[in-house]
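The residues making up each chain are set out below.
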Amino acid sequence: MSTRDTATVTDISRIGVVGSGIMGAGIAELCAKAGLDVLVAVSSERSMDAGPARVTRSLDRALSKGKITQELRDDALGRVTFTRDLGDLHDRQLVIEAVKEDEALKLDVFASLDKIVEAPDAIFASNTSSLSIARLARATSRPAQVVGIHFFNPVPVLPLVEVVDSVLTSPLTGSTAVDFVGGTLGKSVIRSPDRAGFVVNALLFPYLLSAIRMVDSGLATAEVIDQGMTLGCSHPLGPLQLADLIGLDTTVSIAEAMYEEFKEPLYAPPALLLRMVEGGLLGKKSGRGFYTYT
């Protein structure tokens, strides 16, 4: 375990983000609006186009709603750069991993970052929704500087972030992450234990999976279930709409990670969900899930 002091939050100005999907692009935008220098590493030429487009669309949407000024929109865009070379993150002080919810892929990212990032006091963070921070940390030679920073979708809008210390995370790393997220980024922070699903998903996913089982059994349609929860319980989205927004493949990954750790049947992904993912019905991002999107 590293004994070096981690950089204080006031020192953190150069941010690396790995991944430019919905979450990665949202994290990049949030950091850029906070006045930080953001470098996003992507894995394909397609992402070199898609990532900047996501950030631009989100900022333009915020501008059209009067939530940001033209000056802030232009400044934020100017602060985000994209690269296909992970090695370009060598000078980053904080790197946030936001790749697909796949443990092997995330482990590979952390092992690579450990060799690339030069600052001995740099912090590595994962945006994982469910995976063990301790396992990810052990892919590096500096596990004390690895922490979970779990944002929620859409990142620029939702105010909550979970900060997750593993048994290997140093107190200074954890407190620096909390100060950075709460102070620099202006989010509300809750501290979560390093358990599959953390706090929010440990509560949320039994509910989502129960709704999917209701559809699978024929007890009710997705529309009826969602109407019941939005109009009857004042939820902003019904559980099937929310599962589509999260991504049904991500829903499976989180459910499997939670079931693997706790062995509780309520966490097991339903057969209908597994078949939909196998058929490429991933929710809003693929154009079809429990609902059809155009």
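Basis of the calculations
- Residues numbered from 1 in each chain as written.
- Predicted model: local features only at pLDDT ≥ 70, side-chain atom pairs only at ≥ 80, totals over all residues.
- Heavy atoms only, no water.
- Axes fitted to C-alpha atoms, helices over the stretch in contact; angles between N-to-C directions.
- Helix = DSSP H or I, 4+ residues; strand = E, 2+ residues; numbered from the N terminus.
- Parallel < 35°, antiparallel > 145°, perpendicular 65-115°, else oblique.
- Left-handed = near helix turned anticlockwise from the far one by under 90°.
- Contact = heavy atoms within 4.5 Å.
- Nonpolar A, V, L, I, M, F, W, Y, C, P; charged D, E, K, R; others polar.
- Core = buried A, V, L, I, M, F, W, Y, C linked by side-chain atoms within 4.5 Å.
- Buried < 20%, exposed > 50% of the residue type's maximum accessible area, 1.4 Å probe, protein only.
- Pairing = 2+ DSSP bridges.
- Right-handed = clockwise from strand over helix to strand, strands pointing away.
- Salt bridge = Lys/Arg side-chain N within 4 Å of Asp/Glu carboxyl O.

S.K.: How would you summarise the packing of helix 7 (residues 200-217) against helix 8 (residues 222-233) if you had to cite specific residues and measurements?
M.R.: At a minimum axis separation of 9 Å, helix 7 and helix 8 run at an interaxial angle of 140 degrees. Taken together, the axes of helix 7 and helix 8 lie oblique to each other. As helix 7 packs across helix 8, the resulting crossing turns out to be right-handed. Together, Tyr 207, Ala 211, Met 214 and Val 215 of helix 7 and Ala 222, Ile 225 and Met 229 of helix 8 make up the contact between the two elements. Of the residues assigned to the contact of helix 7 with helix 8, the class counts are 7 nonpolar, no polar and no charged.

S.K.: Talk me through the nonpolar core; I want residue IDs and the actual numbers.
M.R.: Within the largest apolar cluster, 36 residues are counted, with the highest numbers of intra-cluster contacts made by Ile 15, Val 38 and Phe 151. The contact partners of Phe 151, leaving out residues within four places of it in the chain, are Met 23, Ile 27, Leu 30, Ile 96, Asn 127, Val 161 and Leu 185. Counting 19 residues, the second-largest nonpolar core is a separate cluster that includes Leu 39, Phe 124, Val 146 and Leu 168.

S.K.: Tell me about the sheet that holds strand 1 (residues 14-18), residues and numbers included.
M.R.: Taken in spatial order, the 8 strands make up an open sheet running 3-2-1-4-5-6-7-8, and their pairing is mixed. Whereas interior strands pair on both sides, the edge strands pair on one side only; in this sheet they are strand 3 (80-83) and strand 8 (188-192). Averaged over all adjacent pairs, the angle separating strand axes in this sheet is 25 degrees, with direction ignored.

S.K.: Hey, could you go over the pairing of strand 5 (residues 123-126) for me, with residue numbers and the actual values?
M.R.: Side chains Ile 123 and Ala 125 project from strand 5 onto one buried face, and the interleaved Phe 124 and Ser 126 project onto a second face that is buried too. Of the pairings in the sheet, the one linking strand 4 (residues 94-97) to strand 5 comprises 4 bridges and is parallel in character. Paired with Ile 96 across the two strands is Ala 125, which belongs to strand 5. One crossover worth recording links strand 4 to the parallel strand 5 by way of helix 4 (residues 103-116), and it is right-handed. In this structure, strand 5 lies alongside strand 6 (residues 146-151), joined through 3 bridges in parallel fashion. Counterpart to Phe 124 in the pairing with strand 6 is Val 146.

S.K.: Would you mind going over the pairing of strand 8 in detail, with residue names and values included?
M.R.: As paired strands, strand 7 (residues 160-164) and strand 8 are joined by 5 bridges and run parallel to one another. Paired with Val 163 across the strands is Arg 191, a residue of strand 8. Viewed along the sheet, the connection from strand 7 through helix 6 (residues 171-184) into strand 8 turns out right-handed.

S.K.: Outline unusual backbone geometry, supporting the account with residue identities and numerical values.
M.R.: Cis geometry is found at the peptide bond from Asn 153 to Pro 154, where omega equals 0 degrees. Along the polypeptide, Pro 154 turns up in the loop between strand 6 and strand 7. In this model, Phe 198 sits at a positive phi of 55 degrees, which is unusual for a non-glycine residue. Phi is positive for Lys 263, which is not a glycine, with a value near 55 degrees.

S.K.: Go over the pattern of salt bridges, please, and point to the residues and values.
M.R.: Scanning all chains against the criterion turns up 16 salt bridges. Close ionic contact of Arg 92 with Asp 37 constitutes a salt bridge, the shortest N to O distance being 3.3 Å. A residue pair is termed long-range when its members are at least 10 positions apart, and Arg 92 in the loop between strand 3 and strand 4 and Asp 37 in strand 2 (residues 37-41) qualify at 55 residues. A salt bridge links Asp 165 to Arg 191; its shortest N-O distance comes to 2.7 Å. With Asp 165 in the loop between strand 7 and helix 6 and Arg 191 in strand 8, this pair connects stretches of sequence that are 26 residues apart. With relative accessibility at 46%, the residue Arg 191 sits in the partly exposed group. One salt-bridge network, in which partners are shared between bridges, spans Arg 14, Asp 37, Asp 91 and Arg 92.

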